[in-house]
Amino acid sequence: MAITKLKDLATLVSLCKRRGYIFQSSEVYGGLNSCWDYGPLGASFKYNVKMAWWKAMTRREDVVGLDAAILMHPKVWKASGHVDGFSDPLVDCRSCKNRFREDHAIQIKGQIACPKCQSIDITPPRNFNLMFKTYMGPIEDESSVVYLRPETAQGIFVNFENVASSMRKKIPFGVAQIGKSFRNEITPGNFTFRTREFEQMEMQYFVKPGTDMEWFEKWKSLRWNFYQHLGIEESKLRFKEHGPTELAHYARAAFDVQYEFPFGWQELEGIHNRSDFDLSQHAKFSGKKIEYFDEQSKEKFIPYVIETAVGCDRLALALLCDSYREETLESTEGSAVAEGESSAQEQTQRVVLGLLPELAPRKVAILPLSKKEPLIELSHRLFQQTSENWDVEYDESGSIGKRYRRQDEIGTPFCLTVDFQSLEDQKVTFRHRDTMKQDRVSLDQVNSYLSDKLKKFIS
Ligand code: GAP
């Protein structure tokens, strides 16, 4: 069997639209640039990605969850440095009118040039703040300005004392949060990779100063293990350290986890040692003391923070890219392919999303071989029974070969086929997505068969 991995993003964008994963936002109006809607399968898949992260983070004694508001007091963004410093240098190409970030320019003979047309006729940079502004209440003036948060992290910092005291947490401990963030990016693009509205999954881990680098290393290794658990190909992942000139204003040390997308190596997650920058800033700007009293050593200090921050949409995109494969089956393999996969064209080519079952939007598809009443009735009964435990799809239209191909393309690990023989022998056929092998299973064993097969993948 020959296997080809994803070569270009356009192939994935097309699959996502065709199969109900991701649609262009406001498509009937021509779309809204860089905004995307998750369709029925995409929403389910993204939820599973979030749950995998949430469980990895909060099923620990030392990490609790939070869900802070998107709109926050405007002083938060003064304190965090976003009002004054969260900007990109924007330049325009006078030749082709391309607008881009100065750091995305190319170099030609020591001069910066337009990445689109190579012209060196570029305007001087202007700083452009990336925060979206809006007004709270009916009066639109400077006093009512609020921002859509550009990161979820600040909701955790300003709740540090609320969480520590209500949850009786002793340092070291962390707070995890999933939520929307907004950035008025100059150059969004590459599908859901860089958008203006996106979801982040961030965790701030509060530690005693002096132990910060030890925890930084620990979280680096935990995060690497997480990506291994999700089944991402190891050769497509790497760490990239930020050099001294690349460090964000708040960071003492930073590593990115990068993934090799079809458009190159790019940041998936940032792991930062933020020192006591944020808590100190909020203490300064709010006038409130934010300190931690260590009962053992009787010391008072401002905790240091180790942050892990990944975009949910970006991780979902990496997982889709990584799990996509095209298979060309040899004729000998074709004959081993199970009944129902027999049309010549369909037999030799298939597209599979080899998602970890934990992440797949559907775990099982119930497929009656015919629309005749007794089969349909049994199939609906099996749908009711299995969907008590799993996300299940029911599909009775089209040839069985086409229905298998659809399930392969959306990443469903198992198809359950109900045929006329099922009425006689009270058995159904399970077909495995990856091997296409089939098992005949008694009706009363369906749930235990599925539990057994899926349990090692689903935490
Ligand atoms: N609190 C730290 C922070 O926000 P960041 O590196 O700016 O750090 C963290 O963002 C992660 O959020 C990134 O690694 C990326 O996965 C995701 N992210 C950032 N900007 C994004 C955008 N415009 N579109 C999609 N995801 C984005």
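About the cut-offs
Every residue gets a number counted from 1 within its own chain, in the order that chain's sequence is written. With the structure being a predicted model, the display of local features is reserved for residues of pLDDT at least 70 and the display and counting of side-chain atom pairs for 80 or more, all residues being used for whole-chain, interface and lining totals. Working from all heavy atoms in the structure, the side-chain values ignore hydrogens and water. Strands are treated as partners if at least two bridges between them are detected by DSSP. In DSSP terms, a helix is any run of H or I states spanning at least four residues, a strand is any run of E spanning at least two, and both are numbered starting from the N terminus. The axes are straight lines fitted to the C-alpha atoms, using for helices just the contacting stretch, and the angles between their N-to-C directions are given from 0 to 180°. Only heavy atoms matter for contacts: two residues are in contact if any of them lie within 4.5 Å across the pair. Here a salt bridge means any side-chain nitrogen of Lys or Arg lying within 4 Å of a carboxyl oxygen belonging to Asp or Glu. Throughout this description, buried means an accessible area under 20% of the type-specific maximum (1.4 Å probe, protein chains only), exposed means over 50%, and partly exposed covers the range between. Only heavy atoms are used to decide nearness, and a residue is near a molecule or strand if one of them lies within 4 Å of it. In protein, a polar contact means a hydrogen-donor-capable atom and an acceptor-capable atom, both N or O and within 3.5 Å, with residues adjacent in sequence counting only if both atoms are side-chain atoms; elsewhere, any N or O pair within 3.5 Å suffices. The accessible surface values rely on the Shrake-Rupley method and a 1.4 Å probe; as for residues, cover is taken only from the protein chains in view. Each residue gets one of three labels, nonpolar for Ala, Val, Leu, Ile, Met, Phe, Trp, Tyr, Cys and Pro, charged for Asp, Glu, Lys and Arg, and polar for the others, Gly among them. In this scheme, roughly parallel covers angles under 35 degrees and roughly antiparallel covers those over 145, while 65 to 115 is roughly perpendicular and the rest are oblique. Two helices cross in a left-handed way if the nearer one is turned anticlockwise from the farther one by less than a right angle. They cross in a right-handed way if the turn is clockwise. By convention a crossover is right-handed if, when the strands point away from the viewer, the path from the first strand over the helix to the second runs clockwise. Take the buried Ala, Val, Leu, Ile, Met, Phe, Trp, Tyr and Cys residues and link them wherever side-chain atoms come within 4.5 Å; each set so joined is a nonpolar core. Note that the domain bounds were set by an automatic or database domain assignment. Defined here as a combined quantity, buried area equals the accessible surface (1.4 Å probe) lost by two parts on assembly, summed across both.

**As for the sheet that holds strand E24 (residues 414–418)**
Piece 1. Spatially, E23-E22-E24-E25-E26 is the arrangement adopted by the 5 strands of the open sheet, whose pairing is mixed. The two strands at the open ends of the sheet, each matched to only one other strand, are strand E23 (392–394) and strand E26 (438–442). This sheet shows a mean twist of 25 degrees between the axes of neighbouring strands, independent of strand direction.
Piece 2. By the bridge criterion, 5 bridges tie strand E22 (residues 364–368) to E24 in an arrangement that is parallel. When the bridges of E24 are listed, Ile366 appears paired with Leu416.
Piece 3. Along the sheet, helix H15 (residues 446–455) contacts E22, E24, strand E25 (427–432) and E26; its crossing angle with E25, the most-contacted strand, is approximately 15 degrees.

**Quick word on the pattern of salt bridges**
Piece 1. The final tally for this structure, using the stated rule, is 34 salt bridges.
Piece 2. With a closest N to O distance of 2.9 Å, Arg18 and Glu409 form a salt bridge. Here Arg18, found in helix H1 (residues 9–18), pairs with Glu409, found in helix H13 (residues 400–410); they are 391 residues apart in sequence, far enough to count as distant.
Piece 3. Owing to a relative accessible area of 47%, Arg18 belongs among the partly exposed residues under this scheme.
Piece 4. Within this structure, Arg325, Glu327, Arg350, Arg405, Asp408, Arg431, Arg433 and Asp434 form a network of salt bridges that share partners.

**As for the site of the ligand**
Piece 1. Close to the ligand lie 21 residues; Glu151, Thr195, Glu202, Glu267 and Leu268 are nearest.
Piece 2. A distance of 2.8 Å is found between a nitrogen atom of the ligand and a side-chain nitrogen or oxygen belonging to Glu185.
Piece 3. A distance of 3.5 Å separates a nitrogen atom of the ligand from a polar atom in the side chain of Arg274.
Piece 4. Coverage of the ligand by the protein amounts to 93% of the 550 Å² it exposes when considered alone.
Piece 5. Of all the secondary structure elements, the ones that give two or more residues to the shell around the ligand are strand E13 (197–207), strand E16 (264–275) and strand E19 (304–311).
Piece 6. In terms of residue count, the dominant contributor to the shell around the ligand is E16 (5 residues).
Piece 7. In the shell around the ligand, the residues fall into 7 nonpolar, 4 polar and 10 charged.

**Re the sheet that holds strand E21 (residues 349–353)**
Piece 1. Read across the open sheet, the 3 strands follow the order E1-E20-E21; overall the sheet is antiparallel. Edge positions in the sheet fall to strand E1 (2–5) and E21, since each of these pairs with one other strand and no more. In this sheet, adjacent strand axes meet at a mean angle of 25 degrees when their direction is disregarded.
Piece 2. Sheet analysis places strand E20 (residues 324–328) next to E21, joined by 5 bridges and oriented antiparallel. When the sheet's bridge partners are listed, Glu327 is paired in E21 with Arg350.
Piece 3. Packed on one face of the sheet, H1 meets E20 and E21 and runs near 95 degrees to E20.

**Overview of H13**
Piece 1. The buried fraction of H13 amounts to 9 of the 11 residues, a majority that puts the element mostly inside the structure.
Piece 2. Residues Ile400, Gly401, Arg403, Tyr404, Arg405, Gln407, Asp408, Glu409 and Ile410 constitute the buried set of H13.
Piece 3. Phi for Gly411, located one or two positions after H13, is positive at around 90 degrees.

**Overview of the packing of helix H2 (residues 40–58) against helix H9 (residues 312–323)**
Piece 1. Running from amino to carboxyl end, H2 crosses H9 at an angle of 110 degrees, the nearest separation of the two axes being 10 Å. If you check the angle between H2 and H9, you find them roughly perpendicular. Contact with H2, carried on its side by Phe45, Lys46, Val49 and Lys50, involves Cys312, Asp313, Leu315, Ala316, Leu319 and Leu320 of H9 and no other residues of that element.
Piece 2. Considering only residue class, the contact of H2 with H9 consists of 7 nonpolar, no polar and 3 charged.

**Digging into the packing of H2 against helix H7 (residues 212–229)**
Two quantities define a packed helix pair, namely the angle between the axes and the distance from one axis to the other.
Piece 1. Axis separation between H2 and H7 bottoms out at 11 Å; the angle between their running directions is 145 degrees. Handedness of the crossing formed by H2 with H7: right-handed. Judged by residue contacts, Ala52, Trp53, Ala56 and Met57 of H2 engage Trp219, Arg223 and Phe226 from H7.
Piece 2. Its residues assigned to classes, the contact of H2 with H7 shows 6 nonpolar, no polar and 1 charged.

**Some remarks on the pairing of E22**
Note on strand geometry: in a regular strand, side chains alternate between the two faces of the sheet.
Piece 1. Counting buried positions along E22 gives 5 out of 5 residues, so the element sits mostly inside the fold.
Piece 2. Every second residue of E22 is oriented toward a common face, with Val364, Ile366 and Pro368 on one face and Ala365 and Leu367 on the other, all of them buried.
Piece 3. Following the backbone out of E22, through helix H12 (residues 373–386) and into the adjacent parallel E23, one traces a crossover that is right-handed.

**Comments concerning the nonpolar core**
Within soluble globular proteins, side chains that are nonpolar tend to cluster in buried spots.
Piece 1. Of all hydrophobic cores here, the largest spans 57 residues; its most connected members are Tyr21, Phe45, Trp53, Tyr227, Leu230 and Leu315.
Piece 2. If one sorts the elements of this core by residue count, H9 sits on top with 8 residues.
Piece 3. Those residues within four positions of Phe45 in sequence are excluded, and the remaining contacts are Tyr21, Ala316, Leu319, Leu320, Leu355, Leu359 and Pro361.
Piece 4. Listed in part, the 19 residues of the second largest apolar core include Phe157, Val163, Phe301 and Val305.

**A look at the environment of His229**
Piece 1. Within the secondary structure, His229 sits in helix H7.
Piece 2. With a relative accessible area of 41%, His229 lands in the partly exposed category.
Piece 3. For the pair His229 and Ala52, spaced 177 residues apart in sequence, the C-alpha to C-alpha distance is 9.5 Å.
Piece 4. Beyond its immediate stretch of four places on either side in the chain, His229 contacts Leu356 and Glu358.

**Details of the environment of Tyr147**
Piece 1. The topology assignment puts Tyr147 in strand E11 (residues 145–148).
Piece 2. In the structure, Tyr147 is positioned 77 residues away from Ile70 in sequence and 8.5 Å away in space, judged by C-alpha atoms.

**A word on the domain arrangement of the protein**
Piece 1. What the domain assignment reports for the protein is domain 1 (2–85 + 132–320), domain 2 (87–129) and domain 3 (351–454).
Piece 2. Computed over C-alpha atoms, the centres of domain 1 and domain 2 are 28 Å apart.
Piece 3. Every contact between the two is made by 8 residues of domain 1 and, on the other side, 9 residues of domain 2.
Piece 4. Between domain 1 and domain 2 lies a buried interface of about 660 Å² when both sides are counted; carbon and sulfur atoms form 50% of it.
Piece 5. Of all residues in domain 1, Asn184, Ile186 and Thr187 bury the most surface against domain 2, accounting for 65% of the area lost on that side.
Piece 6. Linking domain 1 with domain 2 are 0 salt bridges.
Piece 7. Counted by class, the side of domain 1 that touches domain 2 contains 2 nonpolar, 4 polar and 2 charged residues.

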